[in-house]
Amino acid sequence: MIGELGRRSSTALLIHSTLIQAVTFLVRPATTYRALELDVPGFALGLLAASYAVFPLLLALPIGGLVDRLGERRLMAIGAAVVLGCSAFLLFWGTSVPALVAGTALLGAGQLACVVGQQAVVANNAASSRLDSAFGYLTFAASLGQALGPLAISVVGGASVRPNTQAIFLLATAMSLVMFLTTFVISAKVSRGRRTPKGTGTQGSSLALLRTPGVVRALATSATVLAVVDLTVVYLPALGAERGLTAATVGLMLTVRAVFSMISRLGLGSVSRKLGRMKLLILSLAISTAALAVAAIPMPEWLLFVVMAFLGLGLGIGQPLTMSWLSAQAPEGQRGRALALRLAGNRVGQVVLPSAIGVVAVGLGGAGVFLASAVAVGGTMLLLRGVRLDDQLP
C-alpha cells in the first residue's frame, strides 16, 4: 500500500499510472502512422513531435499549483478526461495535419495533469521513510505502461508495415475511458489538509522552491538522467549500425535496458533504507556512467547486452529517487508544484542536453555520444557534493 491509501486506492493508482503511459505510447506512434497515411512532408512529423512537449513545458508550473489547490484526484480526473477526449477526437476527426497536431498537444497536456496528480498522491500520502519504495512502485507501473503501449500496436497492426490507425485510436479511446473511471476508485480524501492556500502566486512559490536547499541539484540530476535515457533510445540504433548489429538485436538491447530499469524499482525502498538515499543515488549514477563509457568500446554482441542491463539498473533508480528527494525537500502543501517543476526541468533537459551532446560528439558517431553522455551523468555526481538526502529518513 502507499501511505494512507487503502489497498484498493493504491491498486487503482498503479493502474492509472500504467494506463496513462500505455495510451501515450500507443497514440503517439499512431499519429505518426496516420501522418504517413496522409503523405505529409518531413517537417510535419517534427511538428507532431514538438507539439507533444509544448503544452507540458508551458503548463507544468500552473498545473502543479492546481494540484496543490484542487487536490490530486480532481486533477487526475481532468487529465484523464482530456486524454479521453483527445483519443476520441483523433478517432473521429484525426484526418489532417492540424488535427493531428492539436490532438498530440492535448495528449501532452492531459498526460502531464495525470502524472503530476499521481506523483502528488504518493508525495502527500507516503511516509518519508517509504517515499523511495512508493515512487519505485509508481515508476514501475509507468514503465510497464510504456512497454504495453508499443506491444498493443504490434498486436493490432499484425505483420503490416502501416497498421490500422483507426483500430489503434479506438483501443486508445477504450483504455482512456477505463483510466478515467479508475480515477474515482482512488480515495477522495488523499489531499485533505495539504493544499496550498489560495492566493499563493505560482511564480513566487516556484522561485521559493528553487531557493530550497538541494532542489536545483535534484532538478539537474533528474533532467540529466531522463535526457540520457532518450539519447540511449535514439543513438543505440546508430551505434548498432556502426557495428553491424541487426535492428532486431538493437531492439532486444533496448528491451533489456527497459526491463532492468523496471526490476531496479521493485525493491527500491528496502535497498534505500539499507544503503541510504545518497549512497544509492551515487551508486546508480556511477553504474550508469561506467555502462555508458564501456558501451562506447567495441565488444562482443553478448557483452553489450550485459552493459545495457547495467545501464538499465543505473538509470532506472535515478528517477524515483529524485522524485522522493524533491518530495522530502518541498514544503507541505507545495509538493505538487515541486514535482511539476521537476517535469518542466525534465522537458528542458530533453531539449538542451541532446542538442549539446550532439554538437560535442559530432564526427565521433554513436560511440562519441555514449562517451559524452557518460561525462554528463558523471558530472551530476559532482552536483551532489555536500547534499544530504537522508535527513528525512529514520
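Residues numbered from 1 in each chain as written. Predicted model: local features only at pLDDT ≥ 70, side-chain atom pairs only at ≥ 80, totals over all residues. Heavy atoms only, no water.

Draft legend 1. Fine view of the overall build of the protein chain. Each helix and strand counted, the protein chain has 14 helices and zero strands in total. Going from the N terminus to the C terminus, the protein chain shows its helices and strands as α-α-α-α-α-α-α-α-α-α-α-α-α-α. Scored against the burial criterion, the 394 residues of the protein chain give a buried share of 54%. In the protein chain, the proportion of contacts linking residues at least 24 apart, taken out of those at least 6 apart, comes to 85%. (Helix = DSSP H or I, 4+ residues; strand = E, 2+ residues; numbered from the N terminus. Buried < 20%, exposed > 50% of the residue type's maximum accessible area, 1.4 Å probe, protein only. Contact = heavy atoms within 4.5 Å.)

Draft legend 2. Broad picture of the environment of P300. Looking at where P300 falls in the secondary structure, it is placed in the loop between α11 (277-295) and α12 (301-329). Classification of P300 by relative accessible area gives partly exposed; the value is 41%. It is 9.9 Å that separates the C-alpha atoms of P300 and R243, two residues lying 57 residues apart in sequence.

Draft legend 3. Summary view of the environment of R69. For R69, the position within the fold is in helix α2 (residues 42-70). Judged by its relative accessible area of 29%, R69 is partly exposed. It is 9.1 Å that separates the C-alpha atoms of R69 and Q334, two residues lying 265 residues apart in sequence.

Draft legend 4. Local environment of the environment of A105. Structurally, A105 can be placed in helix α4 (residues 97-125). Judged by its relative accessible area of 11%, A105 falls in the buried class. Through-space distance from the C-alpha of A105 to that of A50 is 8.6 Å; in sequence the pair is 55 residues apart.

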